[in-house]
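# Secondary and tertiary structure notes
So the chains spell out like this:
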Amino acid sequence: MIRSYRTKRRKIQEELKTLHFSKKLNETSNNFNVHTISTSEELNISANIIQKNPKAANNDEVLISTFRQNLEQDYEIPDHHSNYTNCTNGYTDVNKIVDSSETLKSQLANWVVQCNVPNTTVNRLLPILKQHECLHSLPLDCRTLLHSNNTKITNIRFVNPGYYFHFGLREGIVKCADRYNLNDEIKIIVGIDGLPLAKSSSSQFWPILAYVQPFKEYVFLIGLYHGFEKPVESNDFLKEFVDEAEHLVKNGININNSIHKVSIFAICADAPAKSFIMKVKGHSGYHSCTRCFVEGEYLNRRMCFPYQKIKSRERSHEGYTIKVQEEHHVGNSLSDLIRIPGFDMVNSFPLDYMHLVTLGAMRKLINLWMHGPLTVRLPSLQIKKISNNLLSFKSSITNDFVRKPRKIEEVSRWKATELRQFLIYTGPLALKNILTERMYDNFMFLNISMTILLSPNISNNLLNYANSLLNFFVSDFENIYGKHMVSHNIHGLTHIGLDYQRYGQLDSCSCFIFENYMKTLKQMLRKHEKPLEQVIKRYQEKTTNEIVNHISNQPIATKLSYAHSNGPLIQNTCEPQYLKLILHNKITINTRSSSDSYVLTNTGEVVQVKNIAHYNSTLEVLIIGFEFLNKCPFYDKPIRSSKLNIFIVQNLSKNLKYWKITEIKNKIILFSVKERYIAFPILHSL
């Protein structure tokens, strides 16, 4: 039912435009002469129809039918549903053009939300596009194009001292199901952390993010809080999330007439956010460890947790619910998360290695080398040598890394990915023969243990070895740098190995995915006013207009590009030849790049790829390249590097060989140090 005269007139004008568009289509087929209807005539027609026929003012169907009758009599407009034939006969199919127009609208809207184009820019573009006859149906305003909700947002809830909006856990799971084939049991990984919005004020977001394991590519919003302080009461902040999660875990979720089980598998957060959510002591408290009952010591004006050979008793979910250790808790109440069935208040909070290891232990080590006590501080000349080594690696860093190495003097501005790169890959090379032997060995304990824990499908023996290395690292760290330096993060290294048994490789339960999404939240802001409302509207526009293609769980096996015919080819190989190969959307091999042309096969060969060709009989894709024949370990203690597939490559074979690409295991980085090639694999995708 059309409620106002202005709305009636607008609907008449839209009908006029539709019929006028039909006339233009038929004009091309020379079926009849067309009289162009001006805007003033449109207004007169709509006003005269309502004036002559009062019934039309209260009846939409009468209004439109009367309008069409008058218009057809005056302007001889034929029925556009009957006066066309197929395009093969020389005429235009109106329905197809209308469909293409709607497709163009959806594609244009998808472009706007994907590229985060400001509304003012789109509003300037639309009138230009609208001048073309084929694009006459486009709206004039971006809000119409994006189907924006112009009404006032009313379901924002006050959470002292700010405001909170709940997007919904169920909606996020359904959107994820549109993209991927979900398993029968849906495991949700949740991330909670604070996000400062400006340097000049304390304005901040506290988002509740999530993704369905293992589909890390699609992160969605569950809820969002904005204020100038963090929420006072965590249970008030989590209320709607806990209520919805409790319902979904108990009853499941219906997707395509199939009931899927739902579980909150893990909540990833740093130490301050975790203590806030769990309502326990922060990292500076005496009883702050969330995994054991160890009691800290206050030494040299800081809280520390000296290493203990006899481990403290481990915490449990039952012990949390009955407050076995009162000193561990804050306030009189517990977290409402205990209402979620199957959620463990101890083990369901993984020790995030992004904050614990990279931003915690690794940055602490570098700061000790640069600014620590004189017994461990490095001279400025040695610091410059480390920086020069890092800068010399730039040309050898593969495209798997999002950042190139920077000077170690800029460590305060290093991102977590740079610290991870230094810990796992470049550090062993950059620090060789610069640190003292004892300090270097201590660093390598951390390097090897994290290399193991970041690798998938390791054996129990190797996992136990990584745990023992971490304990030995903490003990040796205390002896080298002092008991007072064993902080909350250093103590947490003794527990992080246990998360591998529950979650697998540590990348599967880290905050890296959620930290990457934080920039998306900031990009949704166009001005400083009403940031919460801006994100609500931008997120609604994105979910409404985003074109979703159902993605198979299995990535494309191979993708070849840059065809050529320059060889080399060997026996039983043939055209077509390519320069670049992308394997499983993860490993990129580029024969033109000195850093991206080296691979490590499953059988242990280190290969410099020279060409990508095909096998004669089956046309199976092959790589052709040099094999490094003589390999020796890079180090012998505390474990031979060859056991971790890390090699020093000394000689290059002059005989061309080829391997099936299915045998490729990991790409490697190649460095040139003192006329020797040093290579080591990328054990996880960055």
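Residues numbered from 1 in each chain as written. Predicted model: local features only at pLDDT ≥ 70, side-chain atom pairs only at ≥ 80, totals over all residues. Heavy atoms only, no water.

This brings us to the overall build of the chain. Along its length, the chain carries 19 helices and 21 strands. Evaluated residue by residue, the chain yields a buried proportion of 51% over its 686 residues. Pairs at least 24 residues apart make up 65% of the contacts formed inside the chain by residues separated by at least 6 positions. In the structure as shown, the chain presents an accessible area of about 34000 Å², 49% of it carried by carbon and sulfur atoms. (Helix = DSSP H or I, 4+ residues; strand = E, 2+ residues; numbered from the N terminus. Buried < 20%, exposed > 50% of the residue type's maximum accessible area, 1.4 Å probe, protein only. Contact = heavy atoms within 4.5 Å. Areas by Shrake-Rupley, 256 points an atom, 1.4 Å probe, with all protein chains shown as cover.)

Scanning the entire structure with this criterion turns up 20 aromatic pairs. Relative to Y425, the ring of F401 lies with its centre 5.0 Å away and its plane at 85°, an arrangement referred to as edge-to-face. Taken as a pair, F401 in the loop between α12 (380–392) and α13 (416–430) and Y425 in helix α13 lie far apart in primary sequence, 24 residues in all. The residues F401 and Y425 share a single accessibility class, namely buried. Grouped by ring-pair contacts, the aromatic residues Y164, W206, Y225, F237 and F276 constitute a single cluster. Note that R592 overlies the ring of Y562, its terminal NZ or CZ placed 4.4 Å from the centroid. (Phe/Tyr/Trp six-rings, centres within 6.5 Å; stacked < 30°, edge-to-face > 60°. Lys NZ or Arg CZ within 6 Å of the ring centre and 35° of its normal.)

What follows covers the pattern of salt bridges. According to the stated counting rule, one finds 17 salt bridges in the structure shown. In this structure, the salt-bridge partner of E246 is K250, at a minimum N-O distance of 3.1 Å. One end of the pair is E246 and the other is K250, both in helix α8 (residues 234–251) and 4 residues apart, which spans about a single turn. Classification of E246 as buried rests on a relative accessible area of 18%. What you see here is one network of salt bridges that share partners, running through K239, D243, E246, K250, D336 and R339. (Salt bridge = Lys/Arg side-chain N within 4 Å of Asp/Glu carboxyl O.)

Turning next to the environment of T436. As for its position among the elements, T436 is in the loop between α13 and α14 (437–453). As for T436 and V376, which are separated by 60 residues in sequence, their C-alpha atoms are 8.9 Å apart.

Time to look at a positive patch on the surface. Residues K199, R403, K415 and K522 make up a contiguous surface patch of positive charge. For K199, the position within the fold is in the loop between β4 (195–196) and β5 (204–212). Judged by its relative accessible area of 90%, K199 is exposed. (Patch = residues over 30% accessible without salt bridge, like charges linked within 9 Å, V, L, I, M, F, W, Y side chains within 5 Å. Lys, Arg positive; Asp, Glu negative; His and termini not counted. Charge placed at Lys NZ, Arg CZ, Asp CG, Glu CD.)

Side chains of residues three or four places apart in an α-helix project in the same direction, reflecting 3.6 residues per turn. Taken across its 8 residues, helix α9 (residues 271–278) has 6 buried, putting it largely inside the fold. All of the buried residues in α9 are A273, K274, S275, F276, I277 and M278. Those residues of α9 that are buried lie in contact with β3 (185–192), β5, α8 and α10 (317–321). The distance from a side-chain oxygen at the start of α9 to the backbone nitrogen of A273 is 3.0 Å, and the residue carrying that oxygen is D270. Positive phi shows up at K279, right after α9, with a value of about 60°. (Polar contact = N/O pair within 3.5 Å; in protein donor to acceptor, adjacent residues only side chain to side chain.)

The next subject is the environment of E217. Within the secondary structure, E217 sits in the loop between β5 and β6 (220–227). With a relative accessible area of 64%, E217 lands in the exposed category.

Here helix α7 (residues 169–177) crosses α8 at 55°, and the two axes come no closer than 9 Å. As judged from the angle between their axes, α7 and α8 are oblique. Touching L169, R170, E171 and I173 of α7 are F241, E244, A245 and L248, all from α8. For the contact of α7 with α8, the class distribution of residues is 5 nonpolar, no polar and 3 charged. (Axes fitted to C-alpha atoms, helices over the stretch in contact; angles between N-to-C directions. Parallel < 35°, antiparallel > 145°, perpendicular 65-115°, else oblique. Nonpolar A, V, L, I, M, F, W, Y, C, P; charged D, E, K, R; others polar.)

Turning our attention to the side chain of H614. Within the secondary structure, H614 is located in strand β15 (residues 606–615). Apart from residues no more than four positions distant in its own chain, H614 is found in contact with L560, N572, T573, C574, E575, P576, Y578, L619, E620, V621 and L622.

Further remarks concern the confidence of the model for the chain. Averaged over all residues, the pLDDT of the chain equals 82, while 78% of them reach at least 70. Across residues 28–40 the pLDDT falls below 50, and counting only partners more than four positions away or on other chains, this stretch makes 21 contacts in the model. Confidence over residues 671–686 falls short of pLDDT 50; this stretch has 67 contacts with residues more than four positions distant or in other chains. (pLDDT = per-residue confidence, 0-100.)

Glycine aside, the phi torsion of most residues is negative, and most peptide linkages are trans. Note the cis peptide between N160 and P161, where omega equals 5°. Here P161 is to be found in the loop between β1 (157–159) and β2 (162–166). Note that the residue after E575, namely P576, is joined by a cis bond; omega there is 0°. Within the element layout of this structure, P576 appears in strand β12 (residues 573–583). For N300, which is not glycine, the phi torsion reads 50° and is therefore positive. A residue is classified by how much of its surface remains accessible, and N300, at 53% relative accessible area, is exposed.

Turning our eyes to something else, we now look at the nonpolar core. I173, L337 and W369 are the most contacted members of the largest nonpolar core, which totals 138 residues. With 11 residues, helix α11 (residues 353–371) is the single largest residue contributor to this core. Among all residues touching W369, those that are not within four sequence positions of it are M362, V376, R377, L378, I383, F422, L431, L435, M439, F443 and Y481. (Core = buried A, V, L, I, M, F, W, Y, C linked by side-chain atoms within 4.5 Å.)

We now examine α8. Between its first and last C-alpha, α8 extends 25 Å over 18 residues, near the 26 Å set by a 1.5 Å rise per residue. Those residues of α8 lying buried are S234, N235, F237, L238, F241, V242, E244, A245, E246, L248 and V249. Two or three places before N235, at the opening of α8, E233 has a side-chain oxygen 3.2 Å from that residue's backbone nitrogen. Immediately beyond the C-terminal end of α8, within one or two residues, lies G252, with a positive phi of roughly 75°. (Expected span 1.5 Å × (residues − 1).)

The side chains of a regular strand alternate between both faces of the sheet. The element strand β16 (residues 621–628) is largely enclosed, with a buried count of 8 among its 8 residues. Hairpin geometry of β15 and β16 is characterised by an intervening segment of 5 residues between the two adjacent antiparallel strands and by a positive phi of about 55° at L619. (Pairing = 2+ DSSP bridges.)

Note that H226 resides in strand β6. The exposure class of H226 is buried, given its relative accessible area of 12%. In this structure, H226 is in contact with G162, Y163, L197, S203, Q204, F205, P531 and L532, ignoring residues within four places of it in sequence.

In this section: the packing of α13 against α14. Contact geometry for α13 and α14: axes closest at 9 Å, N-to-C directions at 135°. Classified by the angle between their axes, α13 and α14 sit oblique to one another. In this structure, α13 meets α14 at a crossing whose hand is left-handed. Counted together, F422, L423, I424, G427 and P428 of α13 and Y440, F443, M444, L446, N447, M450 and T451 of α14 form the full contact between these two elements. Of the residues belonging to the contact of α13 with α14, the class tally is 9 nonpolar, 3 polar and no charged. (Left-handed = near helix turned anticlockwise from the far one by under 90°.)

The subject of this paragraph is a negative patch on the surface. Taken together, the side chains of E295, E297, E326 and E327 make up a negatively charged region of the molecular surface. Structurally, E297 is set in strand β9 (residues 297–299).

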